[in-house]
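# Structural description and commentary
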Amino acid sequence: MASAAETARKAEREKIRGRWLLSAPALIIIFVAATGPLFVMLAYSFMAKGDYGDVKPVFSLDGWFSVLFQRDMFDDTLSLADAHLSIVWRSLRLSVITTLATLVLGFPTAYFIATRPRNTREVWVFLVTIPFWTNLLIRTFAMQQVIRNEGIINSLLRAAGIIDQPLQIMYTDWAILFGMVYVYLPLMVLPLYASMEKIDFRLVEAGYDLYAGRLSVLRRIIIPLVMPGIVAGSILVFIPSLGAYVIPRVLGGGKNMMLGNLIELQFGAGRNWPLGAALSITLMALVMLALMVYVRNATRSGAQHG
């Protein structure tokens, strides 16, 4: 009996080993493709700056040092890298505001779609996904026609007599914010809709039957039930917002840079690859830290609600 059980265990181990061997090539390719560039950036960040925009294979911490500090070119005094810190702060601030704005706009949109008859929901979801058919650069240039001095917003405000002179929206943080909200809004709506579609709306009706107000039903029933969609949508919006490159470049005019633009500058005109690599790793660390904090708080909030 023992030998039969041992034979069965060996057969099971052989089967598992065979599955791993079959999937090993794909796993190796995925691992190399996903982590290979990260290891290259990590290695570059600990090398010295080259003379022609490359790196010298010499261990150096200058790249990491330059992320937060800078030396005066005349007296070699040490000070904080104000430009880098302001760009990091702008990136974090605009990413958080974009996430909140898309949540505020996307929540009622997803709720509206989820409460439509089943035979029409697909049409509304289809309309939400239409912007994805257009290239990101084209959508960003289209936003210029909305917020420029002679654009739709200023034309409507002047026609209504609210303003006499056009508002300067282009090439400001507001322009970047409008562009990111417009581009990333579908990434918030779709996860929210996927969660709201599964809601048993009889629970909402029961809340009203128990004399709960609309805000109480929203806070105590709907939001806890759609918390997975809120978390997923916030992640999908926050990550690309923090590393945005095209939108700040086009709508910010090159003056209101974000982290993605600063990294590109170091690998391009700045010719400081170690600093660019260190900034890339810093960006990834900021994303991971923000996601850990957000998911932990969201999970704890969801557990408290039910």
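Just so it is clear, the model here is predicted, and its values are computed rather than measured.

## Details of the overall build of the chain
Secondary structure assignment for the chain yields 13 helices and four strands. Its C-alpha atoms give the chain a radius of gyration of 25 Å, more than 25% over the compact-globule value 19 Å for 306 residues. Sorting the 306 residues of the chain into buried and exposed places 34% on the buried side. For the chain, the share of sequence-separated contacts (at least 6 apart) that also reach a separation of at least 24 residues comes to 63%. Summed over all atoms, the accessible surface of the chain reaches about 18700 Å², with 68% contributed by carbon and sulfur. Charged side chains of the chain number 27 positive and 19 negative; the gap between the two group centres comes to 8 Å.

## Topic: the packing of aromatic side chains
Inspection of the entire model under this criterion finds eight aromatic pairs. Ring plane angle 85° and centroid distance 5.0 Å describe the contact between F112 and W124, whose orientation is recorded as edge-to-face. Pair noted here: F112 is in helix α3 (residues 82-114) and W124 is in helix α4 (residues 118-129), with a separation of twelve residues, a long-range link. By relative accessible area, W124 is classed as partly exposed at 35%. Members of the aromatic cluster, joined through ring pairs, are Y44, F267 and W273.

## Overview of the packing of α3 against helix α10 (residues 227-242)
Interaxial distance between α3 and α10 falls to 9 Å at its minimum, and their mutual angle equals 145°. You can see that α3 and α10 cross each other, and the crossing is right-handed. For the pair α3 and α10, the contacting residues are S91, L92, S95, V96, T98, T99, T102, L103 and F107 in the first and I230, S234, V237, F238, S241 and L242 in the second.

## Some thoughts on the pattern of salt bridges
This structure, assessed with the given rule, holds seven salt bridges. Residue D51 pairs with K56 through a salt bridge whose shortest N-O separation is 3.6 Å. Residue class for D51 comes out exposed when judged on its relative accessible area of 56%. Among the residues examined, K56 registers a relative accessible area of 34% and is labelled partly exposed. Linking R93 and D173 is a salt bridge whose minimum nitrogen-to-oxygen distance equals 2.8 Å. A residue pair is termed long-range when its members are at least 10 positions apart, and R93 in helix α3 and D173 in helix α7 (residues 173-196) qualify at 80 residues. A relative accessible area of 27% means that R93 is categorised as partly exposed. Here the salt bridges share partners, and the residues they tie into one network are R90, R93 and D173.

## Comments concerning unusual backbone geometry
Positive phi is not limited to glycine here, since Y171 has a value of about 65°. Within the secondary structure layout, Y171 lies in the loop between α6 (152-159) and α7. Residues other than glycine seldom take positive phi values, yet R271 does so here, at roughly 50°. For R271, the position within the fold is in the loop between α12 (259-267) and α13 (273-304). The partly exposed category is assigned to R271, whose relative accessible area is 47%.

## A word on the environment of F178
With respect to the secondary-structure elements, F178 resides in helix α7. It is 9.7 Å that separates the C-alpha atoms of F178 and V146, two residues lying 32 residues apart in sequence. In contact with F178, not counting residues within four places along its chain, are M143, I147 and I169.

## Considerations on the nonpolar core
Within the largest apolar cluster, 39 residues are counted, with the highest numbers of intra-cluster contacts made by F107, M180 and L251. Of all elements in the fold, only α3, α4, α5 (136-147), α7, α9 (214-225), α10 and α11 (246-251) reach the threshold of two or more residues within this core. Among residues more than four places away in sequence, those in contact with F107 are T102, L192, M196, L218, I222, I223, V226 and I230. In terms of nonpolar packing, the next biggest core, distinct from the first, is built from 15 residues, M257, L275, A278 and L291 among them.

## Observations regarding the packing of α9 against α10
One can describe the packing of α9 onto α10 by two numbers: an axis separation of 4 Å at closest approach and a directional angle of 60°. On the basis of their axis angle, the class for α9 and α10 is oblique. Here I223, P224 and L225 of α9 come into contact with α10, specifically with M227, P228 and I230. Here the contact of α9 with α10 is composed, by residue class, of six nonpolar, no polar and no charged.

Calculation criteria
- Residues numbered from 1 in each chain as written.
- Predicted model: local features only at pLDDT ≥ 70, side-chain atom pairs only at ≥ 80, totals over all residues.
- Heavy atoms only, no water.
- Helix = DSSP H or I, 4+ residues; strand = E, 2+ residues; numbered from the N terminus.
- Rg over C-alpha atoms; globule rule 2.2 N^0.38 Å.
- Buried < 20%, exposed > 50% of the residue type's maximum accessible area, 1.4 Å probe, protein only.
- Contact = heavy atoms within 4.5 Å.
- Areas by Shrake-Rupley, 256 points an atom, 1.4 Å probe, with all protein chains shown as cover.
- Lys, Arg positive; Asp, Glu negative; His and termini not counted.
- Charge placed at Lys NZ, Arg CZ, Asp CG, Glu CD.
- Phe/Tyr/Trp six-rings, centres within 6.5 Å; stacked < 30°, edge-to-face > 60°.
- Axes fitted to C-alpha atoms, helices over the stretch in contact; angles between N-to-C directions.
- Left-handed = near helix turned anticlockwise from the far one by under 90°.
- Salt bridge = Lys/Arg side-chain N within 4 Å of Asp/Glu carboxyl O.
- Core = buried A, V, L, I, M, F, W, Y, C linked by side-chain atoms within 4.5 Å.
- Parallel < 35°, antiparallel > 145°, perpendicular 65-115°, else oblique.
- Nonpolar A, V, L, I, M, F, W, Y, C, P; charged D, E, K, R; others polar.

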